[in-house]
Every structure is written in structure tokens, then in C-alpha cells.
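# Coordinates in review
The lines below spell out each chain.
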Amino acid sequence: MDDTLVFIDESFLDKLTKFFGDGIRLKFDKIEFAMKIAEKQDLICKHLFYYTCPPFQSSNPTKDEIKRKGGYDKFIIALSRNNEITIREGRVQKIINDKGEIEYKQKGVDTLLTIDLGHIKEDYPKIKKIILVSSDTDFCPIILDIKKRRGIEVILYSYLDKKRKSKFSLSNELLKCCSKYIKLTKEDFTSCPIKE
């Protein structure tokens, strides 16, 4: 079996695990998840790149914000103990939309993932296939670039429900630019329980 790299967009996985968990996030072992989806493609996960953001903190954080940040920091520290993972963190921006509602948007995460994808050939010259766990069409230009100029196949693990304007209505553009698409299932997460 050949080596691969797995790139995980946590924002996408967060939405999907909430969907599969009927509003409650499924908890799963990120490393085991990456290894299992690679094995399904007869590949060995050599390294996991994990893209996330810390929870929003106001200039005078609330008790809830402090608690969320504490839990996040504990999780990131535990995850970063493994040398086979690179954790890349963007930031969260608080926005008030046209309806006066508060929304939180990730900033910089897509750029970090794009930079890392662009460096694969130099940093991992033997890699011929990678796995991307996402649903974001912003990655199409870099996917096409690494396929055409670097000869690297991109296997997309995502979730498509074919409902118009759904948060899981995956773009045909993303499906076309990847070499292969595999639909994630609830079992992909539940089969990777966190070991205490």
C-alpha cells in the first residue's frame, strides 16, 4: 500500500457530525478516522493535516467563552502530542448579519489548507494520492493545480444530499476536479471511538 496525506477541514466535519448526531456532535478519534478512510482506499495515512479555529473570545470573555476555550485548548494539546499530525489554526470573526443576528465565521483556514496543498510535492515527494475531507469549492483551483502540474490525485471524502440550498449540497465543480468522491457515513465516525 502507498502512503497518503489526509487533510481535514474541521468546520465541515463539525457540521456533518452534528447532522449525523441529530444536533449533537459525534465524538470520534480523529487519527483513527484518518487512518480508516485511508485504508478504505488501500493507502496508509503517513500524516494528518487538521484545520480548525479556536472558539471566539471577546475582549472581556464570558464564562461560557472561557469554558469553551479551555476545552478547546485541552483537546488541541492532546492532539498535538502526536508527531503524525499538523494542526493549523485560523481565527474566528464575530459578524452581525443583515437581520441583526450574530454569526461566527472562520478566517484564514482555507488559505492555510491551500498553502499546505501547494507544498506537497516539495515536502512529500513520494506522495501520489491525497485525501481531502471537505465540501468547499474554494479548493478547486489548488486541486486542479496539484493534479495537472504535480501529478497528485485528490480523493474527496465528503457528504452530498442533493437538496438545493442545503448545507450539504456539494458543488459539481468540486466533484469534477477531484479524482474520486466517497460519501461519508455515520459509521465512518462511530467506528472510531475515543479511547479513554
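You'll find the structure just up there.
Residues numbered from 1 in each chain as written. Predicted model: local features only at pLDDT ≥ 70, side-chain atom pairs only at ≥ 80, totals over all residues. Heavy atoms only, no water.

## Some thoughts on the packing of aromatic side chains
This model, assessed by the stated rule, comprises 11 aromatic pairs. Their ring planes at 5° and their centres at 4.7 Å tell us that Phe7 and Phe49 sit as a pair that is stacked. Linking Phe7 in strand β1 (residues 2–9) with Phe49 in strand β2 (residues 43–52), this pair joins segments that are 42 residues apart in sequence. For the pair formed by Phe7 and Phe49, the shared burial category is buried. Among the aromatic side chains, those forming a connected cluster through ring pairs are Phe19, Phe20, Phe28, Phe33, Tyr159 and Phe189. (Phe/Tyr/Trp six-rings, centres within 6.5 Å; stacked < 30°, edge-to-face > 60°. Helix = DSSP H or I, 4+ residues; strand = E, 2+ residues; numbered from the N terminus. Buried < 20%, exposed > 50% of the residue type's maximum accessible area, 1.4 Å probe, protein only.)

## Thoughts on the sheet that holds β2
Pairing is parallel in the open sheet, where six strands are placed in the order β3-β2-β1-β6-β7-β8. Each edge of the open sheet is held by one strand with a lone partner, namely β3 (85–89) and β8 (180–183). For this sheet, the mean inter-axis angle between neighbouring strands, taken without regard to orientation, is 20°. Where strand β7 (residues 153–158) and β8 come together, four bridges link them in parallel fashion. Among the inter-strand pairings, Leu156 is bridged to a residue of β8, identified as Tyr181. (Pairing = 2+ DSSP bridges. Axes fitted to C-alpha atoms, helices over the stretch in contact; angles between N-to-C directions.)

## Brief notes about the pattern of salt bridges
Evaluated as defined, the whole model comprises nine salt bridges. Of the charged contacts in the structure, one is a salt bridge between Asp14 and Lys18, with a shortest N-O distance of 3.7 Å. In this pair, Asp14 and Lys18 are both assigned in helix α1 (residues 10–20), four residues apart and thus about one turn of the helix distant. For Asp14, a relative accessible area of 18% puts it in the buried group. Its relative accessible area of 31% is what places Lys18 among the partly exposed residues. Arg149 is the partner of Asp145 in a salt bridge, and the nearest nitrogen-oxygen pair spans 3.1 Å. A residue is classified by how much of its surface remains accessible, and Arg149, at 62% relative accessible area, is exposed. Among the charged side chains, a network of salt bridges with common partners joins Asp14, Lys18 and Arg25. (Salt bridge = Lys/Arg side-chain N within 4 Å of Asp/Glu carboxyl O.)

## A short note on the nonpolar core
Judged by nonpolar contacts, the single largest core of 27 residues is most densely connected at Val6, Leu13, Phe33, Ile131, Val133, Leu184 and Phe189. In this structure, Tyr51, Ile130, Ile143 and Cys178 belong to the second largest nonpolar core, which totals 25 residues. (Core = buried A, V, L, I, M, F, W, Y, C linked by side-chain atoms within 4.5 Å.)

## Concerning unusual backbone geometry
If you check the backbone angles, Asp22 has positive phi at about 50° while not being a glycine. Along the chain, the position of Asp22 falls in the loop between α1 and α2 (30–39). One non-glycine residue, Asp42, lies in positive phi territory at about 55°. With respect to the helices and strands, the residue Asp42 is situated in the loop between α2 and β2.

## Observations regarding the layout of surface pockets
Where empty space is left in the structure can be found by rolling a water-sized probe over the atoms. Taken as a whole, the largest pocket spans an internal volume of roughly 2,000 Å³. Residue lining of the largest pocket: 50 residues in total, with Glu10, Asp14, Arg25, Thr52 and Tyr72 positioned closest to the centre. Mapped onto the lining of the largest pocket, the elements with two or more residues apiece are α1, α2, β2, α3 (63–80), β5 (102–107) and α4 (109–118). Looking at the lining of the largest pocket, the element that brings in the most residues is α3, giving 10 residues. Of the residues contributing to the lining of the largest pocket, the split by class is 20 nonpolar, nine polar and 21 charged. (1 Å grid on protein atoms, 1.4 Å probe; cavity = no way out; pocket = protein on both sides within 12 Å on 5 of 7 lines; lining within 4 Å. Points joined across faces, edges and corners; volume = space filled by probe spheres on them. Nonpolar A, V, L, I, M, F, W, Y, C, P; charged D, E, K, R; others polar.)

## Observations regarding the side chain of Asp116
Among the structural elements, Asp116 can be located in helix α4. With sequence-adjacent residues up to four places away left out, Asp116 is seen in contact with Phe7, Phe49, Tyr51 and Arg88. (Contact = heavy atoms within 4.5 Å.)

## Focus: the environment of Leu117
Mapped onto the elements, Leu117 comes out in helix α4. Of the residues examined, Leu117 reaches a relative accessible area of 1% and is grouped as buried. Measuring from C-alpha to C-alpha, the distance between Leu117 and Glu89 comes to 15 Å, with 28 residues separating the pair along the chain. Non-local contacts of Leu117, meaning those with residues more than four positions away in its chain, are made with Phe7, Ile130, Ile142 and Ile146.

Function-wise, these values are silent; they only describe arrangement.
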